[in-house]
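# Overview (structure and organization)
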Amino acid sequence: MKIMGLWTVCGLLIVFFFGCSNSSLYGEEFEVRNKPPVTYKYDRVDEVKKACASVLSSASEFQPDDNRVYSIKKELPFVNGDWEQDAGGSPLMPYVVGKTWDNSSDIHTPMNLVSFWVTDVDTTRRLKNSVSVSGLLTLGITLENSFVGKTYGSQFQLWPGNSMLTVSFQGIYTESKEKNGERVMCLLGTTMLPSRETESSDPWAWLQASGHSFDQLPLSEDDQILLVLRYPKKFTLTRREVKGEMKSLNPKSNPKYFDEVHISSQLQAVYEFSSEKIVAKACDPYPFKDSFMDNGIDIYKDTEFCAIIRKFSQEGAFTVVPNWRCNRTDEYCSKLGPFVTDEEIKATDGGFQEVILFMQNVDCEEKTARDNTYSARVSAVFRAVPPSEYSYTSAQRSGLNNMTLPAEGIWRSSSGQLCMVGCVGSMDAEGSGCNSRICLYIPQSFSIKQRSIIVGTVSSISKDDNSYFPLSFEKLVQPSEMWDLNHFMSSHLHYQYTKLDSAGSILVKNEPFSFGTVIKKSLLTFPKLEDSESSRVSLSLLSEDLTVHVSAIPDPCPRLRVPRIDIQMEIVSLGTLFGRHWSNGSSIEEEIPYHAKTEYTEKQLLLNVSAQLMITGKAYKNFSVIFVEGLYDPHVGKMYLVGCRDVRASWNILFESMDLEAGLDCLIEVIVSYPPTTAQWLTNPTARISITSTRNEDDPLFFSTIKFQTLPIMYRKQRESILSRRGVEGFLRILTLSVVIACIVSQLLYIRDNVDSVPYISLVMLGVQVLGYSLPLVTDAEALFKKASDSYETPSYELDRNQWFHVIDYSVKLLVLVSFLLTLRLCQKVWKSRIRLLTRAPLEPQRVPSDKWVFITTLIMHVIGYIIILIIHAAQTSEKFRTERYVDSNGNFHVQRQWETELEEYVGLVQDFFLLPQVIGNFVWQIHSKPLRKLYFIGITIVRLLPHSYDYIRAPVSNPYFSEEYEFVNPNMDFYSKFGDIAIPVTALFLAVIVYIQQRWNYEKLSRALTFGKRRLLPLGSATYQRLPSKSFEAELASGVNENITHAKQHEGEELS
């Protein structure tokens, strides 16, 4: 039985495995997993015939050899079309305002989208002029979603930012010869409609009612919905639109009645290039002579045109260039080319800020002529998207409207120009509405003013001269995308330097000869070319070091917390290298070091460089991208660059700025200073960036100088090197903790021979040290040195180096634990000594040293000090005590209370002043002994001061975004500033000197020394803590009775061991 049971289980597992495998092997995986078993019933045939009588009356008979019926399920579905409803007072569905993922619903407007699928074609019910079909339609209002997946079942869903209605249909498919042939579906639908209020002016008043739930909506079933969809039989330039109407068959008095809905989308069939005559209107003669063909930019003319145009049309939107050369009326210059310019577009005033253009449905067919020239026919749809639309969803829309421009044209390798004709709005077969010319190019040379892989213009071919100003657009590419182009045209791409003379002037102006510069060049090294590497590899490695991806703060750093700023500095070209180079060791070039090249001269020590600087931050929208070009001086680690930015202003401001270059503001100076590659653990490894406008202050395009200081960065070799700041600090922690342990051990040995002074060691002082050692063990904070290096160092991927850092961390924790236990042992000895002293004189407890007043006095002093620091910090930063949320480096949210943060940091200050309780106790107890060994209190004081000396020597590492990385010492705080690194050691040394004086002189001698005339700074000595002779004291500590001295010493040795 057990064997049979086992085989049964195995069989079930095999069946389950193959069942799951089959569900993912076939297409439409989403549907297989979510689609319930559906049986399509055609039980409304008579109703369909009645409702679709007009469609059937114009239907033509199917031809015997016509197989178009079998392509219905593939060619007739569409997704993310547009729909709009007549304004008759009977809306179809409600909508609740929601927020997008970036909380920008205030600037985004919802979109009306509709998708349709043919779910079944019943060929068994095929008649002469019709065939039964079933379909599923989803339409709704959404802020950022798209309707690409089927939702089975008739239902209505509503949640903030999204309304979605799903309707199940059954009906007929027919074909008509009217309007040059149409494919028509007439369907009757059933769904659950949202109920409207009939006795209220607001049809969706129930949404305002308290306690309503989106899971329990008032719905009513409706099966009187008629949908008619009309498709063109051929998919061409002028015949591509799918049109539809959905209306209610209920009378207007019925609460289920809704106003008619109009649908628009595009056919999903094979495109037919058959519009040569219409294309000739714009492109004959070919090529069309425009300004781009004469601007000196190399144009791609090779065989991979279709691959490039497909790739980059699918990877994001085109940027619309402002009408910066327009000089006509405001209405003319504010138009967005042939597209309808609504109020939102007009508000940009010809600057077209955040207006984008998508190139959709690209169909490209290549041909090769006999003379080895190449040509291609291209079809596409250009879609303009205003700022208020969510761009990701807009890119998936398929409806045709006045913001779309279907186009078809030709490309030939002889000129590299793609010339197309575009049609806006409704089109007829003759293309009477096709009055736009699109000229598109793929540049293969880049410069500071040309960073696009695709550039183009849309101009009018209408005889009306006042139609619109030519609209320019471009597909900007990131440097990494430029490197991907090597797959298509590696032997063609190159960079043209055009601003080197201007960059040289910036260098002369900002680097005058000085003695400090000479020292800097001689003592420090900065990223430079590697002598041992080949030319291209060396340039590529240097490009990697000069690339910066890091957060930044304004320079100088403000005291108030600033919004996060991210800096990306991508190197486009360096010297003769464009992009990156990875050595394969196969070419002769790889064997020649850069400095061994015959053309290498001293002058080439200044390297030509071009880059793209991206600044992410709310306050820097006008500087989000700056193209830079200039010189890099590896002797001082500085780039002297000319910058060009895309200016978004009104067309008249741009036109009046006659010094624009290709529409860019290039009167910008950028200086980037890199940290040295040497002495990184003693210098601040941050880059500094300065951006300055050279325009006059009254120029509309002028801006004040912007300066940034990045968070710490690391170079390639520093990331590979184990001797990083983290390693150095780890060794310093081990060294200092070892010294601390030695000091504690020496104190334990000291009290064995000075037992009479043991009760006068302050337990509060020891408690402060115990607290300092226990917190790192509990909270995983670093002991003695700050955990600041973790904010910028990335652990090496090599396992042995990670293990090495782990060894350092575990060693530190082990030493902290040893220090903790030894200090506890010291506390135990002090506590026992006081108990025995109390046993000797049980009737005189006041003669036993007590830490009560020491603790109270110390606590009062530290509370007052903490409050003073809070007040000073709040006054200097103009901030009230507040609670903030921040994100740590792992992306986790934390709540930060300012007073808690500063209290945590104040704990470090309490540990630095660990001798304060001993100083107070010495005065309270009026000591006449030396309870602390000089090596102990002086040694630990010096160890506590080492972090401050270390911080004072090296530059502080500031990270305003991840404040939790400062466990106890935050350089941004007032008492851990440069001033604090001086004041704290001086105060700690002062306390050590006081303890030394208190132990060297007894209380009476110290009191006499501090007497000036008849005034005493210290009161007269008291008999409160007068002690007995040492030997009798030891005897009574040992036994508690009158025994001989020998037995007392033996017992003393046992207790103190």
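Please read these numbers as outputs of a predicted model, since none were measured by experiment.

This part is about the overall build of the protein. What the protein contains, in helices and strands, is 28 helices and 32 strands. The proportion of buried residues among the 1057 residues of the protein is 51%. The long-range fraction of contacts in the protein, counting pairs at least 24 apart against all pairs at least 6 apart in sequence, stands at 73%. Accessible surface, the protein as shown: approximately 51200 Å² in total, 56% of it carbon and sulfur.

Along the chain, Gln360 turns up in strand S11 (residues 356-368). Among the polar contacts made by the side chain of Gln360, one reaches the main-chain carbonyl oxygen of Ala395 at a distance of 2.8 Å.

This part takes up the pairing of strand S18 (residues 471-476). A regular strand places its side chains on the two faces of the sheet in alternate fashion. Within S18, five of the six residues are buried, which leaves it mostly tucked inside the rest of the structure. Where strand S10 (residues 318-320) lies against S18, two bridges are found, and the strand directions are antiparallel. Residue pairing across strands places Val320 opposite Phe473, the latter belonging to S18. Both strand S17 (residues 452-460) and S18 contribute to a ladder of six bridges, which runs antiparallel. Counted as the bridge partner of Ile454 is Lys475 from S18.

Take the state of the cysteines next. Cysteine pairs can be linked by a disulfide, which is a covalent bond between their two sulfur atoms. Per the counting criterion, the structure on display carries six disulfides. What pairs with Cys306 in a disulfide is Cys364, and their sulfur atoms sit 1.9 Å apart. Torsion about the S-S bond of the Cys306 and Cys364 cystine: about -60°, corresponding to left-handed handedness. Of this pair, Cys306 sits in helix H7 (residues 305-314) while Cys364 sits in strand S11, and the two are 58 residues apart along the sequence. By the burial criterion, Cys306 is buried, and Cys364 matches it. Disulfide pairing is shown between Cys326 and Cys333; the S-S distance is 1.9 Å. Between Cys326 and Cys333 the disulfide shows an S-S torsion of about -75°. By sign, it is left-handed. Exposure remark for Cys326: the relative accessible area of 0% places this residue in the buried category. A relative accessible area of 0% places Cys333 in the buried class.

Let us look at the pairing of strand S24 (residues 625-633). For S24, the buried fraction is high: eight of the nine residues fall into the buried class. Note: strand S23 (residues 607-616) against S24, eight bridges, orientation antiparallel. Its bridge partner lying in S24, Leu607 is registered against Tyr632. Strand direction decides the pairing type here: S24 and strand S25 (residues 638-646), joined by eight bridges, are antiparallel. Bridge assignment links Phe627 to a residue of S25, and that residue is Cys644. Connecting S24 to the antiparallel partner S25 that follows it, the hairpin turn spans four residues, and Gly637 within it adopts a positive phi of roughly 70°.

Inspection of the secondary structure assignment puts Ser445 in strand S16 (residues 445-446). At a separation of 3.2 Å, a polar atom in the side chain of Ser445 contacts the main-chain amide nitrogen of Asp298.

Next up on the list: the sheet that holds S17. The eight strands are arranged S10-S11-S12-S13-S14-S15-S17-S18 in a closed barrel whose pairing can be described as antiparallel. Mean inter-strand twist for the sheet, computed between neighbouring axes without regard to direction, equals 25°. Here 11 bridges tie S11 to strand S12 (residues 374-385), and the two strands are oriented antiparallel to one another. Directly across from Cys364, in S12, lies its bridge partner Val378. Contacting S12, strand S13 (404-412), strand S14 (418-422) and strand S15 (436-441), helix H6 (residues 276-283) runs over the sheet at an angle of about 110° to S14. Against the sheet, H7 makes contact with S11, S12, S13, S14, S15, S17 and S18, and its axis sits at roughly 165° relative to S11, the strand it touches most.

Tallied over the entire structure, the rule returns 21 salt bridges. Among the salt bridges present, the one from Glu75 reaches Arg183, with a minimum N-O distance of 2.8 Å. A residue pair is termed long-range when its members are at least 10 positions apart, and Glu75 in helix H5 (residues 72-75) and Arg183 in strand S6 (residues 182-194) qualify at 108 residues. Across the pair, exposure class does not vary: Glu75 and Arg183 are buried alike. Taking the shortest distance from any N to any O, the salt bridge between Lys499 and Glu661 comes out at 2.9 Å.

In this section: the packing of aromatic side chains. Applying the stated rule across the entire model yields 15 aromatic pairs. Through pairs of rings, three or more aromatic residues link up here, namely Phe235, Tyr271 and Phe273. When the ring centre of Phe288 is taken as origin, the NZ or CZ atom of Arg437, which lies over that ring, is 3.8 Å away.

This part is about unusual backbone geometry. Here the residue pair Asp284 and Pro285 is connected by a cis peptide bond, since its omega of 10° sits within 30 degrees of zero. Turning to its location among the elements, Pro285 is positioned in the loop between H6 and H7. Tyr286 connects to Pro287 through a cis peptide bond whose omega is -5°. Tracing the chain through its elements places Pro287 in the loop between H6 and H7. Even without being glycine, Phe352 reaches a positive phi, approximately 55°. With respect to the helices and strands, Phe352 occurs in the loop between helix H9 (343-346) and S11. Its identity as a non-glycine residue notwithstanding, Asn361 has a phi of 50°, on the positive side. Positionally, Asn361 belongs in strand S11. Classification of Asn361 by relative accessible area gives partly exposed; the value is 44%.

Chain-level pLDDT for the protein is 79 on average; 75% of the residues reach the 70-or-more range. Across residues 783-801 the pLDDT falls below 50, and counting only partners more than four positions away or on other chains, this stretch makes 53 contacts in the model.

The subject of this paragraph is the environment of Leu113. Among the structural elements, Leu113 can be located in strand S2 (residues 111-122). Judged by its relative accessible area of 0%, Leu113 falls in the buried class.

This part covers the environment of Ala395. Following the sequence through the fold, Ala395 ends up in the loop between helix H10 (391-394) and S13. Ala395 sits in the partly exposed class, given a relative accessible area of 30%. Put simply, Ala395 and Gly316 are 79 residues apart on the chain and 8.4 Å apart in space, counted from C-alpha to C-alpha. Discounting chain neighbours no more than four positions away, the residues touching Ala395 are Phe358 and Gln360.

Take helix H23 (residues 916-925) next. Counted residue by residue, H23 has eight buried out of 10 residues, so it is predominantly covered. Just downstream of H23, Gln926 is the residue with a positive phi angle, here 50°.

Together, Leu777, Val778, Leu814, Leu817, Leu821 and Leu824 line one region of the surface with nonpolar side chains, adding up to about 540 Å² of accessible area. At the level of secondary structure, the elements contributing two or more residues to the nonpolar patch comprise helix H19 (763-779) and helix H20 (799-840). For the nonpolar patch, the element with the highest residue contribution is H20, accounting for four residues. The class of Leu814 is exposed, set by a relative accessible area of 54%.

What counts and what doesn't
As a convention, each chain's residues are numbered from 1 in the sequence order in which they are written. Since the coordinates come from a predicted model, pLDDT governs what is reported: local features require at least 70, and pairs of side-chain atoms require 80 or more to be given and counted, while whole-chain, interface and lining totals use all residues. Only heavy atoms go into the side-chain values, all of them from the structure, while hydrogens and water stay out. The secondary structure listing takes helices from DSSP runs of H or I that are at least 4 residues long and strands from runs of E that are at least 2 residues long, numbered from the N terminus. A simple rule labels every residue: compare its accessible area, found with a 1.4 Å probe on the protein chains alone, to the largest value its type can have, and call it buried under 20%, exposed over 50%, or partly exposed in between. Residues count as neighbours in contact if any of their non-hydrogen atoms are within 4.5 Å of one another. The accessible surface values rely on the Shrake-Rupley method and a 1.4 Å probe; as for residues, cover is taken only from the protein chains in view. Here a polar contact is recorded for every N or O atom pair within 3.5 Å, except that within protein the pair must consist of a potential hydrogen donor and a potential acceptor, and residues adjacent in sequence are included only if both atoms are side-chain atoms. Strand pairing is assigned whenever DSSP detects at least two bridges linking the two strands. The disulfide criterion is simple: two cysteine sulfur atoms within 2.5 Å. Only the stretch in contact is used when fitting a helix axis, every axis being a line fitted to C-alpha atoms; angles between N-to-C directions are given from 0 to 180 degrees. Here, a salt bridge means any side-chain nitrogen of Lys or Arg that lies within 4 Å of a carboxyl oxygen of Asp or Glu. Centre distance within 6.5 Å is the pairing criterion for rings of Phe, Tyr and Trp, where only the six-membered ring of Trp is used; planes under 30 degrees apart are then read as stacked, over 60 as edge-to-face, and the remainder as tilted. A ring has a charge above it when a Lys NZ or an Arg CZ is no more than 6 Å from the ring centre and no more than 35 degrees off the ring normal. Values of pLDDT, which run from 0 to 100, indicate the predictor's confidence residue by residue. Within this analysis, patches are made of residues with over 30% relative accessible area and no salt bridge. Like charges are joined at 9 Å or less; nonpolar side chains (Val, Leu, Ile, Met, Phe, Trp, Tyr) at 5 Å or less.

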